[in-house]
Amino acid sequence: MSSVLTSEVMPQTVDFLPLHGTDYVEFYVGNAKQAAHFYKTAFGFQSLAYAGPETGVMDKVSYVIRQNKLTFVLTTPLKTNNAIADHIYKHGDGVKVLALMVDDATDAWKQTTSRGAKTYLEPKELSDNNGKVVLSGIHTYGDTVHLFVERKNYNGIFMPGFKKWESEYNPASTGLLYVDHCVGNVGWNQMNVWVKFYEEVMGFKNILSFDDKDISTEYSALMSKVMSNGNGYVKFPINEPAEGKKKSQVEEFLDFYNGEGVQHVAIATLDIVETVTQLKERGVEFLKIPSSYYETVLDRVGKIDEDLQPLQDLGILIDRDDEGYLLQIFSKPLEDRPTLFFEIIQRKGAKSFGKGNFKALFEALEREQELRGNL
Ligand code: FE2
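Calculation rules
- Residues numbered from 1 in each chain as written.
- Predicted model: local features only at pLDDT ≥ 70, side-chain atom pairs only at ≥ 80, totals over all residues.
- Heavy atoms only, no water.
- Helix = DSSP H or I, 4+ residues; strand = E, 2+ residues; numbered from the N terminus.
- Polar contact = N/O pair within 3.5 Å; in protein donor to acceptor, adjacent residues only side chain to side chain.
- Contact = heavy atoms within 4.5 Å.
- Domains from an automatic or database assignment.
- Buried area = accessible area lost by both parts, 1.4 Å probe.
- Salt bridge = Lys/Arg side-chain N within 4 Å of Asp/Glu carboxyl O.
- Buried < 20%, exposed > 50% of the residue type's maximum accessible area, 1.4 Å probe, protein only.
- Donors = N, O, S within 2.8 Å, 3.2 Å for Na, K, Ca; no water.
- Core = buried A, V, L, I, M, F, W, Y, C linked by side-chain atoms within 4.5 Å.
- Phe/Tyr/Trp six-rings, centres within 6.5 Å; stacked < 30°, edge-to-face > 60°.
- Lys NZ or Arg CZ within 6 Å of the ring centre and 35° of its normal.

Undergrad: Help me understand the side chain of His181, please; the structure alone is not making it clear to me.
TA: Secondary-structure assignment places His181 in strand 10 (residues 179–185). Side-chain polar atoms of His181 contact the side chain of Asp180, separated by 2.7 Å. Once you skip the residues sitting within four places of it in the chain, His181 turns out to touch Lys235, Pro237, His264, Val265, Ala266, Glu343, Arg347 and Phe353.

Structure (structure tokens):
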């Protein structure tokens with residue numbers, strides 16, 4: 001009779017921080033009204049909810065926009081001398097909150113703070129006629145925070161304090177689905193500090209690593225480790241700059257963001273050609289990839305379902321790993337500072353992050369960096 005592995009010999013590891021995915025991403029911006037219009041117009045988000053003086057919030061305004069399972073909150077302060085205004089003064093527009101869906105926000109706070117996380121928000125219950133939401137929060141790299149959102153007892157539009165945002169302007173979706181991963185840029189020698197934080201404080205695992213030999217071009221270099229929670233719904237790659245002949249793109253980010261922060265949010269689609277065609281028609285700008293990339297790409301990645309020409313016309317990159325392939329493209333920065341950008345990604349089996357594209361991609365990034373005089 002064959003032996004059976006029992007829990008005695010293979011102890012089941014208990015995930016002390018079960019996460020159901022990204023609840024929302026909150027941006028602190030200088031003008032949330034205009035930012036909401038931009039994300040609706042250019043990216044196809046729909047109006048969802050609003051909070052501000054009309055709902056009893058006197059010091060800030062937040063617009064909530066949604067596309068499929070992707071929710072953004074755009075927040076702007078109404079006055080100076082407060083944490084939001086200071087954040088914008090220091091960093092420009094950027095990501096403040098990576099909010100994560102949990103069953104129990106109080107327990108998530110206890111589990112993480114007992115393992116060394118610094119409290120951003122003690123567990124707080126918000127309620128209205130539609131039920132209650134419990135929020136708690138911890139600090140991560142830079143001024144970025146994680147909020148734990150428990151909404152199992154809430155059936156309102158977003159959360160207490162918000163009203164439905166009715167708009168007569170409703171541009172069509174571009175097929176963006178959900179957050180695939182969010183990348184943080186941290187300072188020199190800080191990558192392993194934050195890897196340890198995600199391992200010890202949040203129970204994440206390091207699923208992939210790239211050193212400066214994988215990710216370097218003639219000029220700039222970086223190192224990266226990908227952290228994932230137990231079920232793989234939440235993935236946070238962490239980059240740090242590496243020494244190269246010239247300034248690393250991560251260093252440029254750190255200079256202009258004035259510290260560590262979210263470098264890019266990767267958004268999934270099921271049809272990248274259609275999504276990127278739509279985004280380009282609406283004015284979203286992407287990094288340009290040299291045509292030479294497409295002369296050899298199929299030798300590297302093998303057969304793919306898509307025709308190559310539309311991918312080349314749009315500048316979509318292709319990479320393969322043991323489990324399949326992926327298609328990806330990177331936007332130019334979303335604000336004037338060369339800081340936050342988006343990645344659009346379509347996975348066809350591959351669970352990796354496009355290592356084979358790094359060289360072509362970084363050469364494209366460096367051309368942009370050079371035009372800004374920051375190389
Ligand atoms: Fe990415």
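Undergrad: Would you explain the domain arrangement of the chain in this entry?
TA: Think of interface size as the accessible area that goes away when the parts come together; that is how it is often given. We note that the domain assignment places domain 1 (22–164) and domain 2 (176–372) within the chain. Each of domain 1 and domain 2 has a C-alpha centre, and the two are 25 Å apart. In this assembly, 41 residues from domain 1 lie in contact with 33 residues from domain 2. Approximately 2,900 Å² of surface area, both sides summed, lies buried where domain 1 meets domain 2, with 67% of it carried by carbon and sulfur atoms. Of all residues in domain 1, Phe43, His91 and Tyr141 bury the most surface against domain 2, accounting for 24% of the area lost on that side. Joining domain 1 to domain 2, the criterion identifies zero salt bridges. The tally of links from domain 1 across to domain 2 stands at 12 residue pairs in polar contact (both at pLDDT 80 or more). Looking at the side of domain 1 that touches domain 2, the elements with two or more residues in it are strand 1 (22–28), helix 1 (32–43), strand 4 (70–77), helix 2 (83–91), strand 5 (94–101), helix 3 (105–113), strand 7 (131–139) and strand 8 (145–150).

Undergrad: What's the story with the environment of Phe286 in this structure? I'm lost.
TA: Here Phe286 lies in the loop between helix 6 (272–281) and helix 7 (292–301). Given the relative accessible area of 4%, Phe286 is considered buried. For the pair Phe286 and Lys196, spaced 90 residues apart in the sequence, the C-alpha separation amounts to 33 Å. Each residue touching Phe286, except ones within four places of it in the same chain, is listed here: Val276, Leu279, Lys280, Ile329, Phe330, Ser331, Lys332 and Ile344.

Undergrad: What's the story with the coordination of the iron ion in this structure? I'm lost.
TA: Each donor-metal-donor angle in an ideal tetrahedron of four donors is 109.5 degrees, and each such angle in an ideal octahedron of six donors is either 90 or 180 degrees. Taken together, His181 (NE2), His264 (NE2) and Glu343 (OE) make up the protein donors of the iron ion, found 2.0 to 2.2 Å from the metal. Read N to C, the donor residues that coordinate the iron ion are spaced as H-x82-H-x78-E. Placement of His181 in strand 10 and of His264 in strand 14 (residues 261–268) is noted, with a sequence separation of 83 residues between them. Given the relative accessible area of 3%, His181 is considered buried.

Undergrad: What is the right way to read the nonpolar core from this model?
TA: In summary, soluble globular proteins display a tendency toward joint burial of nonpolar side chains. Core analysis: the largest hydrophobic core is formed by 91 residues, its most contacted members being Phe27, Tyr39, Phe43, Phe72, Phe148, Met202 and Phe342. In this structure, this core is formed jointly by two domains, domain 1 (22–164) and domain 2 (176–372), each of which donates at least three residues. If you look at the next biggest cluster of nonpolar residues, it comprises 17 residues, including Val97, Ala99, Leu147 and Phe162.

Undergrad: Mind showing me how you'd approach the packing of aromatic side chains here?
TA: Two aromatic rings, taken as a pair, are described by how far apart their centres are and by the angle between their planes. Inspection of every chain in the model, using the stated rule, returns 24 aromatic pairs. With 5.8 Å between their ring centres and 85° between their planes, Tyr39 and Phe72 make a pair best called edge-to-face. Remark: Phe72 occurs in strand 4 and Tyr39 occurs in helix 1; sequence separation between them is 33 residues. The pair Tyr39 / Phe72 is uniform in exposure class, with both members buried. Through a chain of ring-to-ring contacts, the aromatic side chains of Phe27, Phe38, Tyr39, Phe43, Phe45, Phe72 and Phe342 assemble into a single cluster. In this structure, Lys40 is placed above the aromatic ring of Trp165, and the distance from its NZ or CZ to the ring centre is 4.6 Å. Over the ring of Phe16 we find Arg115; its NZ or CZ atom is 3.4 Å from the centre of that ring.

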